[in-house]
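# Structure assessment
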Amino acid sequence: MTDVTRTEEEKETSAEEVVFCGEVRTALLQTSLPLSPDASARLLGLRPDEPVRVSERPNAYAVSPDLLTGVDCQLPASSGSRVRGVGTVRAHAALTGGRVIQANARFQYVTSSSGRLPWSHYLVRPGVVERLGRATAEDLTAGFLTAPAGEPGVLDPGAMAERLLERVREHPLLDGQLPLKSRRTRLRWAVRQAPPGAAPSVHFTIADQETRTLLLLLPDPPDPEAVATVPVFCEELALHDWLLTTVIRVVERSVLGSLPGPASAERLGPAVSQLLHLWMPGARSGRELPELWNGLERQPGFTRQWQTLVQRIRDQLALQALSLPGAAPPLPRTVSSARRAPT
């Protein structure tokens, strides 16, 4: 097994404005217990010619080799312009803590200088979609973030990510038993350069119970290492948004304070034992993109909300333990705070 913290993306040398787009699907792995690192590697062995990359620090993490999908279709544009895109979309699956599965399909837009070319030209440029037609970076990113899912004839990396999740779900390693109820989430993300002199910024929106959008504005000129880390940042953001959303729903269903001690503890138990320790924002992208994580901590304040939620769960479980017959008084303890993103 090879240790890795992030996947290196293709870096274009063209002077044109950087535009990246993609979609992350996040879900609870359909198995009763978390997978070990060895089992995670077997689960994500999607290609015989490339190994699964596995890391055990700061938490268990495995990522599959990239799969390529050729595309020749219309590109979503907010202006309604008809822009054609030809190229390939990269997609991989990642497993965190042996418990949370993600699929990320992504690509970079570049301008075609020669019109439609043979497929051999596009296959040697993985993850690059050449646009044939006039469109600005703002037009393409706005159109991509607001495009309806599954629109016929329009580029939809979310559908590719969903197919990859379904492929992983069919693996015989999984017993199909879920320890708790949860919903999938989808994060559609886009990256372009900020206006000259502007600081990096992140615009995160919760559209509905399952859909989120993310617009990242990177400084001009962008740092190549930061650009290469963007897909990892988007996966980490999608992971932590899913964790927060899932645990909030678990707490809501447990009706804290109104159920008998054992009943409430049974509902909270799987979330406490299998999800709470996965909260590590910026573990794999915080060094390259600290400004983006710091912005998320200010607004919407992910870690503040997570700390409040976790403390509420622990306090409720402690009170229920005290109410059990023969329970001993609790020992004094120091409450540890959740990890924050690096500054």
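Residues numbered from 1 in each chain as written. Predicted model: local features only at pLDDT ≥ 70, side-chain atom pairs only at ≥ 80, totals over all residues. Heavy atoms only, no water.

## Some thoughts on the packing of helix H5 (residues 224-254) against helix H7 (residues 290-298)
Two elements in contact, H5 and H7, have axes whose closest approach is 11 Å; the angle formed by their N-to-C orientations is 20 degrees. Taken together, H5 and H7 sit at an angle that is classed as roughly parallel. In the crossing of H5 with H7, the sense of the turn from one axis to the other is right-handed. Judged by residue contacts, Phe 233, Glu 236 and Leu 237 of H5 engage Leu 292, Trp 293 and Leu 296 from H7. Residue composition of the contact of H5 with H7, by class: five nonpolar, no polar and one charged. (Axes fitted to C-alpha atoms, helices over the stretch in contact; angles between N-to-C directions. Helix = DSSP H or I, 4+ residues; strand = E, 2+ residues; numbered from the N terminus. Parallel < 35°, antiparallel > 145°, perpendicular 65-115°, else oblique. Left-handed = near helix turned anticlockwise from the far one by under 90°. Contact = heavy atoms within 4.5 Å. Nonpolar A, V, L, I, M, F, W, Y, C, P; charged D, E, K, R; others polar.)

## A closer look at the packing of aromatic side chains
Applying the stated criterion to the full structure yields six aromatic pairs. Between Phe 107 and Tyr 109 the ring centres are 5.0 Å apart and the planes differ by 80 degrees, which places this aromatic pair in the edge-to-face class. By relative accessible area, Tyr 109 is classed as buried at 0%. For the ring pair Phe 204 and Phe 302, a centre distance of 5.8 Å and an interplane angle of 85 degrees mean the geometry is edge-to-face. With Phe 204 in strand S9 (residues 201-206) and Phe 302 in helix H8 (residues 302-323), this pair connects stretches of sequence that are 98 residues apart. Taking relative accessible area as the criterion, Phe 204 reaches 18% and is therefore assigned buried. We classify Phe 302 as buried; its relative accessible area is 6%. Among the aromatic residues, ring-to-ring pairing joins Phe 107, Tyr 109 and Phe 144 into one connected group. Sitting above the plane of the Trp 119 ring, Arg 116 keeps its charged end 4.9 Å from the centroid. Taking the ring centre of Phe 144 as reference, the NZ or CZ of Arg 188 above it sits at 4.3 Å. (Phe/Tyr/Trp six-rings, centres within 6.5 Å; stacked < 30°, edge-to-face > 60°. Buried < 20%, exposed > 50% of the residue type's maximum accessible area, 1.4 Å probe, protein only. Lys NZ or Arg CZ within 6 Å of the ring centre and 35° of its normal.)

## Some remarks on the nonpolar core
Ranked by internal contacts, the top residues of the largest apolar core, which has 44 residues, are Leu 44, Ile 101, Tyr 109 and Leu 155. Mapped by element, the contributors of at least two residues to this core are strand S1 (19-28), helix H1 (37-43), strand S4 (67-75), strand S5 (83-96), strand S6 (100-111), helix H3 (137-146), helix H4 (157-169) and strand S10 (211-218). Every residue in contact with Leu 44, bar those within four places of it in the chain, is listed here: Val 52, Ala 62, Val 63, Ser 64, Pro 65, Ala 93, Ala 94, Leu 95, Ile 101 and Val 168. Of all hydrophobic cores here, the second largest spans 43 residues; its members include Val 100, Val 191, Leu 237 and Leu 268. (Core = buried A, V, L, I, M, F, W, Y, C linked by side-chain atoms within 4.5 Å.)

## So, the confidence of the model for the chain
In the predicted model, the chain carries a mean pLDDT of 86, and 85% of its residues have values of at least 70. Confidence, expressed as mean pLDDT per element, reaches its minimum in the chain at helix H6 (residues 261-274) with 76 and its maximum at strand S3 (residues 61-63) with 97. For residues 1-14, every residue scores under 50 in pLDDT, and the model assigns this stretch 44 contacts once sequence neighbours within four places are set aside. (pLDDT = per-residue confidence, 0-100.)

## Considerations on unusual backbone geometry
Put simply, Arg 57 and Pro 58 share a cis peptide bond, and its omega is 0 degrees. Within the element layout of this structure, Pro 58 appears in the loop between strand S2 (53-55) and S3.

## Details of the side chain of Thr 211
Among the structural elements, Thr 211 can be located in strand S10. Since its relative accessible area comes to 14%, Thr 211 is described here as buried. Within the structure, Thr 211 has its side chain in polar contact with the side chain of Arg 186 (distance 3.3 Å). Leave out the neighbours within four places in its chain, and Thr 211 touches Arg 186, Thr 205 and Ile 206. (Polar contact = N/O pair within 3.5 Å; in protein donor to acceptor, adjacent residues only side chain to side chain.)

## Some points on the side chain of Glu 130
Residue placement: Glu 130 occurs in strand S7 (residues 128-132). There is a polar contact of 3.4 Å between the side chain of Glu 130 and the side chain of Ser 112. Contact partners of Glu 130, with chain neighbours within four places excluded, come to Arg 84, Gly 85, Val 86, Val 110, Ser 112, His 121, Tyr 122 and Arg 125.

## Describing the pattern of salt bridges
Taken as a whole, this structure holds 19 salt bridges when the rule is applied. Among the ionic pairs, Arg 106 bridges to Asp 66, the shortest N-O distance being 3.1 Å. With Arg 106 in strand S6 and Asp 66 in the loop between S3 and S4, the pair connects residues that are 40 residues apart, well separated along the chain. Ionic pairing is found between Glu 166 and Arg 169, a salt bridge with its closest N-O pair at 3.1 Å. Of this pair, Glu 166 and Arg 169 are both found in helix H4, three residues apart, which corresponds to roughly one turn of the helix. When salt bridges that share partners are traced, they join Glu 23, Arg 25, Asp 156, Glu 162, Glu 166, Arg 169, Arg 184, Arg 186 and Arg 188 into one network. (Salt bridge = Lys/Arg side-chain N within 4 Å of Asp/Glu carboxyl O.)

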